[in-house]
Structure formats: C-alpha cells, structure tokens
Amino acid sequence: MIDNKLKTKLKQLEEEYGYVNVELYDSKRGTEYPSSTTIKKMYGLSLLDILKDQKIKSKDEYLIIKNRPVSISNMKLLYLEHGEISKSLYSEAKLLPSSEYITKHYGWENIAKEANVKLANAQYNSKEDVIKELKIIIKELGYIPTSKEYESLRLKPSQETLRKYGFTFSEAMRKSGYRTYNKSVTIKDKVCSNKDCYRQFTPTEDEIYCEPCFKELRSRLIKEIEGMSPQRLKEICQRLIYAGNKQNTILDIFNNM
Ligand SMILES: [Zn+2]
C-alpha cells in the first residue's frame, strides 16, 4: 500500500506542474519525501508504476493537452499569412509543435478543421516532401503494410497522391527506405521503434527494436550494471530467470532503471 502522504504529494506536484515524472519528483519532492530510489526499495514498485497507478499525467500526456490549442493557433496565424495551409508551409515556418507531432497526436486535418482554415490542394511542395512524409507515416504505423492495407488505413500521402507525383506504392516505399513484400508473408516486417531509427526488420518474436539498436541498448545496460545495488541486481536476475532474456523483458528492465 502506498502512503497517503506520498499520494497527496504526487497530486500536488501534478497540480503545480501539470505532470509528474521521476526527474521532476526527485528535484521538487523536498526532504520529507523519499527519493524515487528509496520508493523502489520501500514498495518494490518503481515511481513510474506508482504514477501510472495513481493516474498522474506523464509529461507526454501533459504536452499533448497543452500543445493542442498551440497547434490550432499556429494554423490560424499561418492561414492569415498565406490564405491556405500545407505541411510544407508549416514546416518552413519552423513552428512548434511540428507538423509530424500534430499529425501523430491529433490528426492534421482535425486540427485544420478546428482552426477553421483551408488546406491547400497540394499538401506537398515536391517529390521529396511526399517521400519524407511517407517515411514518417510508416515509422509511426510501426510496420510495413501491403499496398491494399495502406489504402484501407487511409494514410496520407494517399496512393493517389503518390501516383500524382509519379510513384507506385512500391517505388515510393523504396525511396523512403523501406522494402515492400513481393510475395505474401505471414509475419509483417516492423520498423524499429527506437527514436530516429527507420530500420525495417522481420521480427522473430515480438521485438520492437531492430538488431543494431537492441545491441546498443544492451551494451548500455551492461554499463549500468556496474553501479547497481545488490538488491537491484538480484531483482533483475530473478526477472531474467523467470521471464528469459527476450527483447521485451530487457527493454522493460532498461526503462525501469
Ligand atoms: Zn533501430
């Protein structure tokens, strides 16, 4: 059971800052509250787990709420200036949150609708723009769809747009750095979920990282082991014995360090 005093403190911090994460807690908790490391020892739960359990907003969740009105007003401003909106205009204006962020979290067209602005017929300035956009959208999707699937997911750029720019789906995918399937497959290729990595790989279990990224993460974990308390090492060891060293388990250990 988590101490009520601690629960109240977490709520208080959330009210004050809009969110709580480990970093914020440790720097703002004050001396009468245990550090995140001590919490882990006391409850056998990470602060992250407690935050989730108490439904305290994470920084990402907080930013998604906070950035929504900003996105709408950015679109309105840009519209006043240009009389229409496209992702390229938006990116050129170097506005934040980025068009990728808006597309991912709210939907580009939803925000345009809310801002009551007109989207330009051509959302892309060039072939490069279209390819860049496709690269991002597939990374967000997380796997390589067939062209049929891509169509039914109603992703943008649409295949009609791709054709307008002279690409078949496969060509556009290849230019974006992905391979499409030339025969039917039972396991779909994934795109690495590590930030900024766009590598395509065929999963053997339910990996989410490509091999090079996973290797790098493992070597970081090995370095971390050096400074770990015997208690923590014991926990990790037990976990590995029970769950095995599958990628998901290793990632989870890494994320809860
Ligand atoms: Zn990767």
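What you see is a predicted model; the values in this text were computed from it and never measured.

Quick look at the overall build of the protein now. On a plain count of helices and strands, the protein comes out with 15 helices and 2 strands. When its C-alpha atoms are laid out on the principal axes, the protein stretches across 60 × 45 × 25 Å. Contacts in the protein between residues at least 24 apart in sequence constitute 56% of all its contacts with a sequence separation of at least 6.

Another point: the domain arrangement of the protein. Here the domain parsing of the protein yields domain 1 (4-57), domain 2 (60-115), domain 3 (127-201) and domain 4 (211-255). Relative to domain 4, the C-alpha centre of domain 2 lies at a distance of 39 Å.

A separate point is the nonpolar core. Membership of the largest hydrophobic core comes to 15 residues, with the highest contact counts inside it found for Val130, Leu134, Ile138 and Ala172. Only α9 (127-141) and α12 (169-175) provide two or more residues apiece to this core. With 4 residues, α9 is the single largest residue contributor to this core. Not counting residues up to four positions away in its chain, the partners in contact with Val130 are Tyr124, Pro157, Thr161, Leu162 and Tyr165.

Okay, unusual backbone geometry next. Following Leu96, the chain continues into Pro97 via a peptide bond in cis, with omega recorded as 0°. Put simply, Lys156 and Pro157 share a cis peptide bond, and its omega is 0°. Looking at where Pro157 falls in the secondary structure, it is placed in the loop between α10 (147-152) and α11 (159-164). The phi dihedral of Asn116 is positive, around 60°, even though this residue is not glycine.

Before going further, it helps to spend a moment on the environment of Ala120. On the secondary structure map, Ala120 appears in the loop between α8 (108-115) and α9. Taking the number of C-beta atoms within 10 Å as the measure of exposure, Ala120 has 16 and is therefore partly exposed. Once the C-alpha coordinates of Ala120 and Ile85 are considered, the two residues, 35 residues apart in sequence, prove to be 5.4 Å apart.

Before going further, it helps to examine the environment of Leu162. Tracing the backbone through its elements, the reader meets Leu162 in helix α11. Residue Leu162 is classed as buried on the basis of its C-beta count, with 22 C-beta atoms lying within 10 Å. For Leu162 and Ile236, which are 74 residues apart along the polypeptide, the C-alpha to C-alpha distance reads 48 Å. Ignoring sequence-local partners within four residues, the contact set of Leu162 consists of Val130, Pro157, Phe167, Phe169 and Ala172.

Attention now moves to the packing of helix α5 (residues 59-82) against α8. Across the interface, α5 lies against α8 with an axial gap of 9 Å and an inter-helix angle of 70°. In terms of orientation, α5 lies roughly perpendicular with respect to α8. Crossing angle aside, the handedness with which α5 passes α8 is right-handed. Touching Ser71, Ile72, Met75 and Lys76 of α5 are Ile111, Ala112, Glu114 and Ala115, all from α8. Residue classes in the contact of α5 with α8 are distributed as 5 nonpolar, 1 polar and 2 charged.

It is worth spelling out the environment of Arg174 at this point. Structurally, Arg174 can be placed in helix α12. The spatial distance from the C-alpha of Arg174 to the C-alpha of Ile56 is 42 Å, given a sequence separation of 118 residues.

Following both chains from N to C, one finds helix α13 (residues 211-225) and helix α15 (residues 247-255) inclined at 45°, their axes separated by 11 Å at the closest point. By the angle between their directions, the pair α13 and α15 is classed as oblique. The handedness of the crossing between α13 and α15 comes out as left-handed. Within the contact between the two elements, α13 uses Phe214, Leu217, Arg218 and Leu221 and α15 uses Gln247, Ile250, Ile253 and Phe254. Each residue belonging to the contact of α13 with α15 can be placed in one class, and the counts come to 6 nonpolar, 1 polar and 1 charged.

Thresholds, definitions, all that
Residues take numbers from 1 onward in each chain, read along the sequence in its written order. Since the coordinates come from a predicted model, pLDDT governs what is reported: local features require at least 70, and pairs of side-chain atoms require 80 or more to be given and counted, while whole-chain, interface and lining totals use all residues. Only DSSP runs of H or I reaching four residues or more are called helices, and only runs of E reaching two or more are called strands; each is numbered from the N terminus. By the convention adopted here, residues are in contact when the distance between their C-beta atoms, placed from the backbone, does not exceed 7 Å. Throughout, the edges of the domains are those of an automatic or database domain assignment. Remark: nonpolar core denotes a set of buried Ala, Val, Leu, Ile, Met, Phe, Trp, Tyr and Cys residues whose joining runs through C-beta atoms within 7 Å. Exposure criterion: with C-beta atoms placed from backbone coordinates, a residue whose C-beta has 20 or more other C-beta atoms within 10 Å is buried, one with 12 or fewer is exposed, and one in between is partly exposed. As a rule, the C-alpha atoms of each element are fitted with a line to give its axis, helices using only the stretch in contact, and angles between N-to-C directions run from 0 to 180 degrees. Any angle from 65 to 115 degrees is called roughly perpendicular, while one under 35 is roughly parallel, one over 145 is roughly antiparallel, and all others are oblique. By definition, turning the near helix anticlockwise from the far helix through less than a right angle yields a left-handed crossing, and turning it clockwise yields a right-handed one. Under the convention adopted here, Pro, Cys and the residues Ala, Val, Leu, Ile, Met, Phe, Trp and Tyr are nonpolar, Asp, Glu, Lys and Arg are charged, and Gly plus all remaining residues are polar.

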